[in-house]
Amino acid sequence: MPTPAQIEEQVELEREQIRQGLKQLRDNTRKLEDKSYASASVYGVASIETLIPLVVRRIEATHKRIKEGKIGQAFAEIRTYLADVEPEVAAAIACKVTFDTVFSTKPNSNKLQNVTDAIGQAVENECMMRHYERNVPGLLETLKKNYWHKSIGTHQKVVVIRTLMNRYDVPHWQAWGRANRVKLGGWLLDCICEATNWFMKDMRQEGRKRQHFVVPTPEFLEIKDEVVATAELFSPMAWPMLIEPNDWTNERPGGYLLNEIMRGYDMVRRGDPTCIQGETPIKFLNKIQKVAYRLNPFIIDVAEELERRQIEVGKFVPIIEMPLPPKPVDIAENKESRLDYRRKAAEVMNVNAQSFQRSCRTRMTLNAVKVFKGKEKFFIPWSFDYRGRAYPIPAFLTPQDTDFGKSLLKFYEESFVDDYACDWLAFQVATTYGLDKATMQERLAWTLENHQLITLIATDPLGNLHEWEGVDEPWQFLAACEEYYHCVIECDRSHTSLMVATDATCSGLQILAGLARDASTARLVNVLPSDKPQDAYKAVAEAATPKCPASIRPYMDRKTVKRVTMTIPYNAKPYSNRGYIRDALKEKGVEIEKEDLTATVKAVRDAMNVVVPGPMAVMTWIEGEVAEAIKRGATELTWTTPSGFVVTQRLMKAEVQNIELQLLGRCRITLAVGQSNKVDLAHHKNATAPNLIHSLDASLLHLSALRFDAPIALIHDSVLCRATDMSTLSTLVRETYMHLFAEHDYLTDFKHQIGAETDPPIVGDLEPESVIESTYFFC
């Protein structure tokens, strides 16, 4: 039990999280307003989403009057300039620019003429980009690829493209002129004002002149304050805890001590708040919250030195600040020198701005490290998603962080290093190096053969940076080398607390193989024992190759089909399959024609039906039965997993429209406020099989963790524990899988829970009891 002093320290930490969160929210809002980018603020995003559909309807009403011959004189002058953009595009641009200018802190930004000119200019820029897209699409794409990633902000992108286009023989863009831009912007601003009554014109006497400004109405300011106040409730930083988190129950929120008052976190994210969860999953959640962690001082020292030297390694991305170029001595008199300096300085500032953005996660991680660096131990509050998977509530210093973030953690409780622990530490070294597909013997042998390399890295990581920065998981490899060196090579450390990880082999196919009791699939994904890891990806590639176009066959290997094979059990469709195969071939330097890509995707999907017939049949059955259930009137699907977690899948249609803007990018515009009462049949068909798989792999870990009496952490279908305990945990996971699929026919239970009318397609030739002997089931 924590002492009163410890409780007080934790409460103060949570209050500091609230203060830091509020400060960050308010600072970010102020920075966005300072940069004339209020449309990206919390109140801007929420308000524009509501505003756009209303403005669209207003613009469409004008188009309707045009068709009826009732066009007004004011619109007649500017209708030509809106001919090239859809109402949704014009509305999106106008709303964004209005928020950016009206709420900007820059002087006179909200002056009426400046607001209307800015709206008109933004519409013209979009039309200019579309002009280039129509006339020189290849050139535009090349210029975007080569220059846009170096530019910060839409204004600079426009200047870059316009300047470069002027160097080529392309159809010239005829500028609209400020007067026309102001008229166009004024008309769109009127649409916004009339549609919502959120903005109004305010006349002010400045000396002898009367100036008109655009200001928010009192009505909108109330809405803004309400949006910001709601955001502030959910703004606290999420850090680990200094004492054990409060237990969750169906009646009381757990996790942070103040969560019971603030109710900022639910036990089940996006779940049905009225649903009563089973006793077993709640026990599991409360158990993993009691696992204590500490920081790894070795990794912290290396990271702080690399940050000081501005060296990037893997997911560790410090700020790399380039100095501005020296000013030429003749900058004041020489125009060419002045322009050359401005160009070079702009390039440096762009690089620095991009570096600052890329370093965001690393900076926030290091800030959290500073808070917990002097703490003896800390705990992590967890919660479920609506399928039963466990996620840490904190965003940093958790087992589900990046490679760098994970390397910072060790379990607080240490265990004695026995022979089994030595082997599992060796396993962790080789696996993080990149030998995750090798046999156990090959991994252990590699580590034994590389004691000299491990020693160099563990004793002088900065001097031997080139030896570890390019491996698969450099930071976890570094942490593993240091632990292995002290525990096994130097033997000056008799206890270990390093987190060792084992992963499921293609978890989706493992679950589907158990549901279908399909021995052929089970063998391919290491449910059945073998002397080396089986490779389902390689089997699919070999089966698909003969049916692929001849030009693609030499490149058909496991890497080409891996993402397709992984995602088909989660209902990935041919369109996404195309992207995965195209990207994999592109990495090999191969460009594939459209027809050949279609044929290759078909060959891989056909091969899946041959190589893993049971899972494919189960997914087809689920999709068909779900469709029939929805057609019979079901508004949601509910099922209870073997651990007692209740999954509620409620998917309703939302009327949305995607529009593509050249400068602002892809925008998702909600045309209906709130959720409709129409069930989304297609979404249910696509989502049920993946959600069933996720709920079952979560259930597998719920039951396994409750039987495991040692520190444990989880990453979806991966388990982490100390090297001393991994043999025990691996056995428990295999036994639990055996009980789930050997002693129970869960697919038939699922049939009754969703009201299916036909029997599931069970192959029936798998004896799941054999998984107890499978070395590579979790590896």
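In this text the structure is predicted, and so the values were computed from the model without any measurement.

**Observations concerning the overall build of the protein chain**
The helix and strand tally for the protein chain stands at 30 helices and 17 strands. Relative to its length of 779 residues, the protein chain is compact, with a C-alpha radius of gyration of 30 Å against a globular reference of 28 Å. Along the three orthogonal principal directions, the C-alpha set of the protein chain runs to about 90 × 70 × 65 Å. Within the span of the protein chain, comprising 779 residues, buried residues form 51% of the whole. Here the contacts in the protein chain between residues at least 6 apart in sequence split such that 73% fall between residues at least 24 apart.

**Looking at a negative patch on the surface**
On the surface, a cluster of negative charge is contributed by E219, E222, D225 and E226. Note on placement: E219 falls in helix α9 (residues 218–233). Overall, E219 belongs to the partly exposed group, its relative accessible area being 39%.

**A look at the pairing of strand β4 (residues 292–295)**
Here β4 shows two buried faces, one formed by A292 and R294 and the other by Y293 and L295. As defined by bridge partners, β4 adjoins strand β5 (residues 378–379) across two bridges and the pair is classed as antiparallel. Each residue of the ladder has a partner; that of A292, found in β5, is F379. In this structure, β4 lies alongside strand β8 (residues 409–411), joined through three bridges in antiparallel fashion.

**A word on helix α26 (residues 594–611)**
Over its 18 residues, α26 extends 26 Å from the first C-alpha to the last, a length consistent with the 26 Å expected when each residue adds 1.5 Å. Listing the buried residues of α26 in full gives L597, T600, V601, A603, V604, A607, M608 and V611. Taken around the axis of α26, the buried residues stretch over an arc of 160°, which confines them to a single face. Away from the buried face of α26 by more than 90 degrees, exposed residues K594, E595, K602 and V610 are located. Residues of α26 that are buried sit in contact with α22 (519–524), α23 (536–544), α24 (558–567), α25 (574–587) and α27 (613–631).

**A look at the sheet that holds strand β17 (residues 718–721)**
Strand order in this open sheet of three strands is β11-β17-β16, and the pairing throughout is antiparallel. Each edge of the sheet is formed by a strand with only one pairing partner; in this case those strands are β11 (500–503) and β16 (713–715). Pairs of neighbouring strands in the sheet enclose a mean axial angle of 25°, with direction left out of account. For β11 and β17, the ladder comprises four bridges, and the chain directions are antiparallel. Note that in β17 the partner of A501 across the bridge is L720.

**Some thoughts on the confidence of the model for the protein chain**
Looking at the protein chain, pLDDT values average 87 and 93% of them are 70 or higher. In the model, residues 665–674 has pLDDT below 50 throughout and makes 28 contacts with residues more than four positions away in sequence or in other chains.

**A few points about the environment of A705**
In this fold, A705 is placed in helix α28 (residues 681–707). Residue classification places A705 among the buried positions, given a relative accessible area of 1%. Residues A705 and V302, spaced 403 residues apart in sequence, show a C-alpha to C-alpha distance of 33 Å. Sequence-distant contacts of A705, defined by excluding residues within four places in its chain, comprise F284, K287 and I712.

**Digging into the sheet that holds β8**
Strand order in the open sheet made by the three strands is β5-β4-β8, with antiparallel pairing throughout. Only two strands of the sheet have a single neighbouring strand rather than two, namely β5 and β8.

**Some points on the nonpolar core**
Counting 159 residues, the largest nonpolar core has Y293, L397, W468, W475 and L515 as the members making the most contacts within it. Broken down by element, the residue count for this core peaks at 10 residues, all from helix α20 (residues 474–489). If near-sequence neighbours (up to four positions away) are discounted, W475 is found in contact with I299, V302, A303, L306, V313, F316, D403, F404, S407 and W468. Core analysis: the next-biggest nonpolar cluster, separate from the first, contains 54 residues, A38, A91, V115 and V136 among them.

**Describing the pattern of salt bridges**
Counting across every chain of the model gives 39 salt bridges. In this structure, K559 and E587 form a salt bridge, with 3.5 Å as the shortest nitrogen-oxygen distance. Note that K559 is positioned in helix α24 and E587 in helix α25, a separation of 28 residues in sequence. E757 is the partner of R632 in a salt bridge, and the nearest nitrogen-oxygen pair spans 3.4 Å.

**Details of the packing of α24 against α25**
At a minimum axis distance of 8 Å, the contact between α24 and α25 shows a crossing angle of 160°. What the angle tells us is that α24 and α25 run roughly antiparallel. The two elements α24 and α25 meet at a crossing, and its hand is right-handed. On the side of α24, the interface is formed by K559, T560, R563, V564 and T567, while α25 contributes N577, Y580, I581, A584, L585 and E587. Taken together, the residues of the contact of α24 with α25 sort by class into five nonpolar, three polar and three charged.

**Quick notes on the packing of aromatic side chains**
Under the criterion given, the structure shown has 24 aromatic pairs. When the centroid spacing of 5.4 Å and the interplanar angle of 90° are considered together, the rings of F99 and F199 count as edge-to-face. Placement of the pair is F99 in helix α4 (residues 87–102) and F199 in strand β1 (residues 199–206), with a sequence separation of 100 residues. Each of the two residues, F99 as well as F199, counts as buried. Look at F404 and W475: their rings are 4.9 Å apart centre to centre, the planes differ by 65°, and that puts the pair in the edge-to-face class. With a gap of 71 residues between them, F404 in helix α15 (residues 403–407) and W475 in helix α20 connect regions that are remote in the sequence. Exposure class is identical for F404 and W475. Each is buried. Seen from the ring of F213, R204 lies directly overhead, with NZ or CZ sitting 4.1 Å from the centre.

**Side note on unusual backbone geometry**
One non-glycine residue, N197, lies in positive phi territory at about 60°. Using a relative accessible area of 44% as the deciding quantity, one classes N197 as partly exposed. Notably, Q310 is not glycine yet its phi reads approximately 60°, a positive angle. A relative accessible area of 32% means that Q310 is categorised as partly exposed.

**Considering the state of the cysteines**
All chains considered together, the criterion is met by zero disulfides. Among the cysteines around C95, which has no disulfide bond, C191 carries the closest sulfur, lying 9.7 Å off. Residue classification places C95 among the buried positions, given a relative accessible area of 0%. Cysteine C191 remains unbridged, with the sulfur of C193 as its closest cysteine sulfur at 9.4 Å. For C191, a relative accessible area of 3% corresponds to the buried category.

**Considerations on the packing of α25 against α26**
Relative to each other, α25 and α26 sit at 110°, their axes nearing to 10 Å. In terms of their interaxial angle, α25 and α26 are classed as roughly perpendicular. Facing P574, N577, R578, I581 and R582 of α25, the residues of α26 in contact are K594, L597, T598, T600, V601, V604 and R605. For the contact of α25 with α26, the residue count by class is five nonpolar, three polar and four charged.

So, how was this worked out
- Residues numbered from 1 in each chain as written.
- Predicted model: local features only at pLDDT ≥ 70, side-chain atom pairs only at ≥ 80, totals over all residues.
- Heavy atoms only, no water.
- Helix = DSSP H or I, 4+ residues; strand = E, 2+ residues; numbered from the N terminus.
- Rg over C-alpha atoms; globule rule 2.2 N^0.38 Å.
- Buried < 20%, exposed > 50% of the residue type's maximum accessible area, 1.4 Å probe, protein only.
- Contact = heavy atoms within 4.5 Å.
- Patch = residues over 30% accessible without salt bridge, like charges linked within 9 Å, V, L, I, M, F, W, Y side chains within 5 Å.
- Areas by Shrake-Rupley, 256 points an atom, 1.4 Å probe, with all protein chains shown as cover.
- Salt bridge = Lys/Arg side-chain N within 4 Å of Asp/Glu carboxyl O.
- Lys, Arg positive; Asp, Glu negative; His and termini not counted.
- Charge placed at Lys NZ, Arg CZ, Asp CG, Glu CD.
- Pairing = 2+ DSSP bridges.
- Expected span 1.5 Å × (residues − 1).
- Arc of directions from axis to C-beta.
- Axes fitted to C-alpha atoms, helices over the stretch in contact; angles between N-to-C directions.
- pLDDT = per-residue confidence, 0-100.
- Core = buried A, V, L, I, M, F, W, Y, C linked by side-chain atoms within 4.5 Å.
- Parallel < 35°, antiparallel > 145°, perpendicular 65-115°, else oblique.
- Left-handed = near helix turned anticlockwise from the far one by under 90°.
- Nonpolar A, V, L, I, M, F, W, Y, C, P; charged D, E, K, R; others polar.
- Phe/Tyr/Trp six-rings, centres within 6.5 Å; stacked < 30°, edge-to-face > 60°.
- Lys NZ or Arg CZ within 6 Å of the ring centre and 35° of its normal.
- Disulfide = S-S within 2.5 Å.

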